[in-house]
Structure formats: structure tokens, C-alpha cells
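Descriptive structure summary
So the chains spell out like this:
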Amino acid sequence: MMSTAPQARSAGLRYVFPVLAGKLARFATRLRGGGSAFPGYLTNRLAPSLLPTLADQFRYGVVFVLGSNGKTTTTHMVSEVLRAHGLRVFTNPTGANLPQGVTSALLADATLTGRIKADVAVLEIDEGYAADLADRLSPSVILSLNVQVDQLYRFYETERVADMMLDASTRASAHVVVNRDDPYLSKIDVDAMRAPVSFFGVAPEIIAASAHGLVNAADTRSGNAGTAERDAYSEVRSVNGREVSIRIGEVDAAVRLPARGLHYAADAAAALAVASRVLGDEFSTDAAAQGFSRMAPAYGRGEVIPLRRDPAGEQVEFVMFKNAPSLQMNLDALDGAPERALMAIDEGTPDVSWLYDVDFHALESVDVVTGEKAYQLALALEHAGVRIGTVEPDMGKAVAMMRELPQIAAGRQIWFVNYELMMIGRRLLGHGDQEVARR
């Protein structure tokens, strides 16, 4: 034992300069109002072996969360449930899910020698990097949420995304958790996995009652476009607004979702399945319910922020979307047509033709349409019969317009925004990065 200690210290000392450089870069970029990826990129270039040193530091292992939609929310849910059980959790709370983003999150908590004081790591991971990062971080549990039409300019076909998730899942050492209601993922080859497989899902009658179901992509290659029949270890049994009942094994858990929508209920079932598999006999449905009761919405996903400096005044609810399925599910979750709404999309979405696949009937009007692709969005809304107040591509000016409108009786505006404009909108309302708040 004594002979290995100097070696361990020496191994840690080699990371002092790369971690210090990354921390300084992180400080500098945050002074400028952004830059979550560059510090991690710099640190990875200076110390390529730093990320793999993480795996052995966590007593309960490393958890990967994969999926076309819902990664950030589910990562947040898993983290909070594990915290409710007394665990210290390291995570990447703002959704920076590429290797450099994971390392940037690490820099917030790491000592100069690259050590993290946490019991478990729960990481949102980009599907395109999942297998590579799995080889470097040796995850114990891998969760795959869904395969939905997303980033076709990057991934080309939905089945390619499914293969990325399933390939990464073969690297899990302790457990694989998969969506029973996904046509691709439900057909996972259980025998090809190193670890046991559990399924989560939503009761069929609840999916059938939803206007557009779960909007998962149809399987175009197996000859069966639907799902394979699987028993769910974790299943949503009832949904009443934000109050849901989820059966975990043989026990029912009543939880309150951090935001409304069937997609959040499905994410909660996934999160409970993962937490149960991580904790084993230590898992408690009561503690899990307490974790949900204290849970604030994930970064930009259903957050409510004051519109003006007066916190008692009108508020803004951020509803984030990045593709047709996520926008559709959020529209389906509305209690009624918003009294006041902003909708924004920018150049981060190269091809917005998918807007014409969205059913906008839940909306009657949108007060301001903004972002670099505001006119393309406005055309799709007009085509769907949605009344438009103003088209203003500049987000800053659009926010000023929303602030100048007379206060509404409901007291809450809804802003439908994609990721980049969500961050800009939050910043314009006086809210920066949530990384510190989510730890």
C-alpha cells in the first residue's frame, strides 16, 4: 500500500497544469458570458488521459444517459433521486454532452490533481460519441431514452442513431435500461449485452390517449414498424397533470414532475429504473418521491423566470425544443392556448422543413416570432393558421417587445425556444448559466 501512494500522487500531479489551464479558461470564458466547451477542449488536448481517470473514482459507478430527446431532463431526474438517497453526484447539468463538455463540467468540481468528491457520475452523452466515451469512462449503467427524428443533417438516418445507442450499451458493465415503447430500442438484442437489460415505458392506454403518442421514430428496417413486446420494470401507470404514478418492480411510486407533459412522465420512469439499478437494495420509493418533490425544472426545460426585475410580476416559462418530436410533445402538453407567446429558432437548425411536420393546432397566436430563421418559422405558423403579431429576427429586440406588452391576466408568458436562443433569452432576463445551481 505504501509503495503505491507516491505513484498515485505522481499520477495526480501530472494533471495540475492541464486542469489549472482549463479552470482559468473556464473563468475567462464565463467573464465573457459563455464558452462552456472550450475549457474542456483545451484540457483534453493537454491531458488526453484525464477523462479515463474518472471511472474509478465513483463508488456507484458512471451512468450514461442517451437519447434523441430528454437527456438533460432525465440526467437531472436521476441525479436528484440519487441525491435524495444521500449520494454525492457529479453531473453535467447544462447539457454539454460532447467530450469537451463533459470535461468542462469536470473542471467545475475537480481538484487540481483531477479528483472528484462524489459517489456517482450521471452524464448526459451525445449519441455520436457514446461508444468512444464508454470505452474511456467505463460506465456501469447505460440508459437509452428514445430514437426520434433529429439532426438528420448530421446523423442521416434514425436507425443509425439507434445503432449508436445499442453499440454503446454493449459497454455497460452492470445494467442496461431501454425504452420499451421505442420501435428501435425495444428490439435490443439482449444476448449481445454484457449486462442485464431492464425496460421502462408508459401504459399503452395512456399513450393511446395522447394526441400524438410519444412521437418515437418508426422502425424502417426490421419489417415491423412498431415495438417488440417487452415487460416494463418501470412503467407510468397514471398521469394527472404533473402528478404521476409509476410502478417500479412491484411497488408504486407517486411523484410530482418538474414540468408538464407525457414525455416528462416517460423520463421519470426511466430515471427511477436507473436509480433503482444503481442503488439496488438501497433504493427507496419514498426517498425517490422526495427527490422529485424538491426537483426544479432542468436547465431551460420548463423553468419559470421573472420577465422584469419585479419577481412578483409577470413571468416567463421557457419551453425548449430542438426538433419536431420535442416541439410536438411540448405543444401536446399545453393546458390550453397560451395567452401570450414568443417562438424562436436560429441558425443552429440548418434545415427547418421539419416545422411542417408539427401540428400547431394547440396555438391560436404567437405574439413575437424571432431568431435568425424567424421568417421560415413564421411561414410555417401562418400555414398552420396561427395568428402572428410581429416577426423580429433579433432576439434582444424581441425580448424588449415582450416586456413592453401589457401584462396579461394569466401572469405568465410561454416562450418556445431552441437551445441557443433559450440561453440568450435567459441571459437577457438576467439569468446566466445554471451549472453552479444544479450541483
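To be clear, the structure that these remarks concern was listed above.
Let's shift gears to the overall build of the protein chain. From N to C terminus, the protein chain includes 15 helices and 15 strands. Accessible surface, the protein chain as shown: approximately 18,400 Å² in total, 51% of it carbon and sulfur.

In this section: the environment of Val 16. Here Val 16 lies in helix α2 (residues 16–31). On a C-alpha basis, the gap between Val 16 and Gly 114 in space is 7.5 Å, while along the polypeptide they are 98 residues apart. Each residue touching Val 16, except ones within four places of it in the same chain, is listed here: Leu 112 and Thr 113.

A separate point is the pattern of salt bridges. Under the criterion given, the structure shown has 21 salt bridges. One salt bridge connects Arg 83 with Glu 80, and the closest N-O pair in it is separated by 2.6 Å. Here Arg 83 and its partner Glu 80 are both found in helix α4 (residues 71–84), three residues apart, which amounts to about one turn of the helix. With relative accessibility at 22%, the residue Arg 83 sits in the partly exposed group.

Pairing is mixed across the open sheet formed by six strands, whose spatial order is β10-β11-β15-β12-β13-β14. The sheet is open, and its two borders are formed by β10 (304–306) and β14 (387–392), each paired with just one other strand. Across this sheet, the average inter-strand angle for adjacent strands is 25 degrees, counted without regard to direction. Summarising the sheet, strand β11 (residues 315–320) and strand β15 (residues 412–417) pair through six bridges and their orientation is parallel. Paired with Val 316 across the strands is Gln 413, a residue of β15. Contacts between helix α15 (residues 419–428) and the sheet are confined to β10, β11, β12 (341–344), β13 (365–370) and β15, with β11 contributing the most and set at about 160 degrees to the helix.

Sheet topology note: the strand β8 (residues 243–248)/strand β9 (residues 251–256) ladder contains six bridges and is antiparallel. Each residue of the ladder has a partner; that of Arg 247, found in β9, is Asp 252. A loop of two residues connects β8 with β9, the two strands running antiparallel in sequence, and Gly 249 in this loop sits at a positive phi of about 65 degrees.

Glancing now at the pairing of β14. Judged from the five bridges that link them, β13 and β14 form a sheet pairing that is parallel. When the bridges of β14 are listed, Thr 370 appears paired with Glu 392. Between the parallel pair β13 and β14, the chain is carried across by helix α13 (residues 374–383), and the sense of this crossover is right-handed.

Here we take up the packing of aromatic side chains. The final tally for this structure, using the stated rule, is three aromatic pairs. Taking 6.2 Å as the distance between ring centres and 5 degrees as the angle between the ring planes, the aromatic pair formed by Phe 58 and Phe 90 counts as stacked. Residue Phe 58 is found in the loop between α3 (38–46) and β1 (62–66), and its partner Phe 90 is found in strand β2 (residues 89–91); the two are separated by 32 residues along the sequence. Arranged with centres 6.3 Å apart and planes meeting at 70 degrees, the rings of Phe 321 and Trp 354 form a pair that is edge-to-face.

What counts, and where the lines are drawn
- Residues numbered from 1 in each chain as written.
- Predicted model: local features only at pLDDT ≥ 70, side-chain atom pairs only at ≥ 80, totals over all residues.
- Heavy atoms only, no water.
- Helix = DSSP H or I, 4+ residues; strand = E, 2+ residues; numbered from the N terminus.
- Areas by Shrake-Rupley, 256 points an atom, 1.4 Å probe, with all protein chains shown as cover.
- Contact = heavy atoms within 4.5 Å.
- Salt bridge = Lys/Arg side-chain N within 4 Å of Asp/Glu carboxyl O.
- Buried < 20%, exposed > 50% of the residue type's maximum accessible area, 1.4 Å probe, protein only.
- Pairing = 2+ DSSP bridges.
- Axes fitted to C-alpha atoms, helices over the stretch in contact; angles between N-to-C directions.
- Right-handed = clockwise from strand over helix to strand, strands pointing away.
- Phe/Tyr/Trp six-rings, centres within 6.5 Å; stacked < 30°, edge-to-face > 60°.

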